[in-house]
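Chain residues, written in single-letter form:
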Amino acid sequence: MSTFDYVIVGGVSAGSVPAARRSEDGQRAVLLLEAGGAGRHPFIKIPIGYGKVFFDHRFNWKYTTEPDPNLNGRTMYWPRGKVLGGSSAINAMVYVRGHPQDYEEWGEAAPGWGWHDVAPMFQRMEDWQGPKNAQRGQVGPLSVTDVSDAVHPLSQAYTEAAQEAGIRFNPDYNAGGMTGAAFYQITTRNGMRASSADAYLRPALRRQNLRVETGAHVTRVLFDGSVASGVTYSAQGATKTAHARAEVILCGGAINTPQLLQLSGIGPGSLLQDMGLDVVHHAPQVGRNLMDHLGIDLMYRATRPSLNQVLRPFVGKAHAALQYAFTRKGPLSMSLNQAGGFLRLRDGTGCPDLQLYF
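What counts, and at which threshold
Residues numbered from 1 in each chain as written. Predicted model: local features only at pLDDT ≥ 70, side-chain atom pairs only at ≥ 80, totals over all residues. Heavy atoms only, no water. Helix = DSSP H or I, 4+ residues; strand = E, 2+ residues; numbered from the N terminus. Contact = heavy atoms within 4.5 Å. Buried < 20%, exposed > 50% of the residue type's maximum accessible area, 1.4 Å probe, protein only. Phe/Tyr/Trp six-rings, centres within 6.5 Å; stacked < 30°, edge-to-face > 60°. Lys NZ or Arg CZ within 6 Å of the ring centre and 35° of its normal. Salt bridge = Lys/Arg side-chain N within 4 Å of Asp/Glu carboxyl O. Core = buried A, V, L, I, M, F, W, Y, C linked by side-chain atoms within 4.5 Å. Pairing = 2+ DSSP bridges. Axes fitted to C-alpha atoms, helices over the stretch in contact; angles between N-to-C directions. Parallel < 35°, antiparallel > 145°, perpendicular 65-115°, else oblique. Left-handed = near helix turned anticlockwise from the far one by under 90°. Nonpolar A, V, L, I, M, F, W, Y, C, P; charged D, E, K, R; others polar.

Engineer: Would you mind going over the side chain of T232 with me for this structure?
Structural biologist: Relative to the helices and strands, T232 is located in strand β12 (residues 227-235). If we ignore the near neighbours within four places in the chain, the residues touching T232 are H217, V218, T219, R220, L222, K240 and T241.

Engineer: In this structure, what is going on with helix α8 (residues 253-263)? I would like to understand it.
Structural biologist: Each α-helix turn comprises 3.6 residues. Residues three or four places apart therefore point the same way. Along α8, the residues classified as buried are N256, T257, P258, L260 and Q262. Buried-residue contacts for α8 involve β1 (3-9), β3 (63-64), β11 (217-224), β13 (238-250), β14 (266-267) and α9 (269-274). G265 lies just past α8 and shows a positive phi near 95 degrees.

Engineer: Sorry, what's going on with the side chain of S195 here?
Structural biologist: Along the polypeptide, S195 turns up in the loop between β9 (192-193) and α7 (196-204). For S195, the contacting residues outside a window of four places in its chain are G85, S88 and A89.

Engineer: Explain the packing of aromatic side chains to me, please; I cannot follow it from the model alone.
Structural biologist: This structure, assessed with the given rule, holds 15 aromatic pairs. The structure contains a cluster of three or more aromatic residues connected by ring pairs, namely Y50, F54, F55 and Y77. Positioned above the aromatic ring of W61 is the side chain of K82, whose terminal nitrogen or guanidinium carbon lies 4.5 Å from the ring centre. In this arrangement the basic side chain of R136 is found over the ring face of W128, its NZ or CZ atom lying 4.1 Å from the centre.

Engineer: Where do I start with the pattern of salt bridges in this structure?
Structural biologist: If charged atoms from side chains of opposite charge come close, those side chains can pair. With the rule as written, the count across this model stands at 13 salt bridges. Its salt-bridge partner being R346, residue D353 comes within 3.0 Å of it at the nearest N-O pair. For R346, a relative accessible area of 56% gives the class exposed. It is possible to trace a salt-bridge network through shared partners that takes in R97, E126, R136 and D172.

Engineer: Looking at this structure, I do not really get the nonpolar core. What am I missing?
Structural biologist: In globular proteins that are soluble, nonpolar side chains generally tend to be buried together. I8, A19, L32, W115, F122, L201 and L210 are the most contacted members of the largest nonpolar core, which has 25 residues in total. Elements with a minimum of two residues in this core: β1, α1 (13-22), β2 (30-34), α5 (115-125), β6 (142-145) and α7. In this structure, V7, V218, V231 and A242 belong to the second largest nonpolar core, which totals 16 residues.

Engineer: Please clarify how the sheet that holds β12 should be interpreted in this entry.
Structural biologist: Taken in spatial order, the six strands of this open sheet run β10-β2-β1-β13-β12-β11, and their pairing is mixed. The open sheet terminates on both sides in strands that have one partner only, identified here as β10 (210-214) and β11. The mean inter-strand angle of the sheet, taken between neighbouring strand axes irrespective of direction, is 40 degrees. Contacts between α8 and the sheet are confined to β1, β11 and β13, with β11 contributing the most and set at about 50 degrees to the helix.

Engineer: What am I meant to see in the packing of α1 against α7 here?
Structural biologist: Relative placement of two packed helices is described by the angle separating their axes and the distance separating the axes. Remark: α1 packs on α7, axes separated minimally by 8 Å, with the N-to-C direction vectors making an angle of 30 degrees. Relative to α7, the element α1 is oriented roughly parallel. Remark: the crossing between α1 and α7 carries left-handed chirality. Residue-level contacts link S13, S16, V17, A19, A20 and R21 of α1 to S196, A197, Y200, L201 and A204 of α7. Residue composition of the contact of α1 with α7, by class: seven nonpolar, three polar and one charged.

Engineer: Would you take a moment to explain the sheet that holds strand β17 (residues 354-357) for this structure?
Structural biologist: The strands that make up a sheet are held in pairs by hydrogen bonds between backbone atoms, and each pair lies either parallel or antiparallel. Ordered by their spatial adjacency, three strands build an open sheet running β7-β16-β17, and the pairing between neighbours is antiparallel. On the outer flanks of this sheet lie β7 (180-183) and β17, each paired with one strand and no other. Between one strand axis and the next, the sheet turns by 20 degrees as a mean value, whatever way the strands run. As paired elements, strand β16 (residues 339-343) and β17 share four bridges and run antiparallel to each other. Its bridge partner being in β17, G340 is matched across the sheet by Y357.

Engineer: Is there a simple way to explain unusual backbone geometry in this structure?
Structural biologist: At N72, a residue that is not glycine, the phi angle is positive and equals roughly 60 degrees. Positionally, N72 belongs in the loop between β3 and β4 (77-78). The phi torsion at N190 lies on the positive side, around 55 degrees, for a residue other than glycine. On the secondary structure map, N190 appears in the loop between β8 (188-189) and β9. The class for N190 is exposed, based on a relative accessible area of 64%.

Engineer: What is the right way to look at the pairing of β12 in this model?
Structural biologist: Inspection of the sheet shows β11 paired to β12 by seven bridges, in the antiparallel sense. Within β12, the position partnered with V218 by the bridge is Y233. Where β12 and β13 come together, six bridges link them in antiparallel fashion. Within β13, the residue paired with S234 across the bridge is T239. The turn joining β12 and β13, which pair antiparallel and follow one another in sequence, is formed by two residues; a positive phi near 55 degrees is taken by Q236.

These figures capture arrangement, not role.
What follows is the structure, given as structure tokens:
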């Protein structure tokens, strides 16, 4: 079978959702293509394994930027998930809805993306494992865990120090105001990572009308005139074609999607011509305006053992492993980034302009 109603490129955070939604009726044929693997490795499932997959080429595209003249010619490492679940399968699992004002500004440019439009969607997708709150969803597919009673003692000390410095403690930055020091909520369920593939895709795999191919690297979108009609992809050493009766949906993320569009002839016309590509549609913004956040690391000497010091010796590893095996709790069930928060340093009102990680 090579013709489907929907062909979805990328089993990532965005791709898992439409694959599940489009196949719900059991009638429409859906194909999901993912360049990476299935993502069942223990380093992916165990939350603290994030530290391992951060540089593992089996699950990570491991992109590196070109030298940046604004950073004195330095290059930056950009990890991106190459596995079902995408970056939600290799990230630190910190769950942040975002600031309502940001959505309101986006809604002015793109109607339907204002905060009042997206807030119900957050409630719909959440299964909040914390204190009940009218603003939080508790029946959705994505499990979000409150870790406030399980954080490392140094994280507790951090929030106390923040309050001494005049930064209020925020018990839930995803409900009400965002500003303040906080313990980060993480996308886990019963001590295991809850990626978008776990939340949406895997429950849908039993459907006969949904087909998922891993190890399938899409190289081009096909067009019938100006309408996307399918894709070509490489899998198992062969070049294959999949046709779409209704839609081709690109979910490759902020890097791979514009790359695929350009390889398919959609992008800045002069750039595509210089690369020897036929121009299907001149779209000068494709591949432009990507913005990243700069991070600054501050290191301090602590008087009590850090998580690294606890887990470095064999005895510490063994104790944590046994605790996790029998209870699904302890440091292996947590993210490395247990605390942080959001502040506004510049004068005036508005969104926070600094995010803290501890």
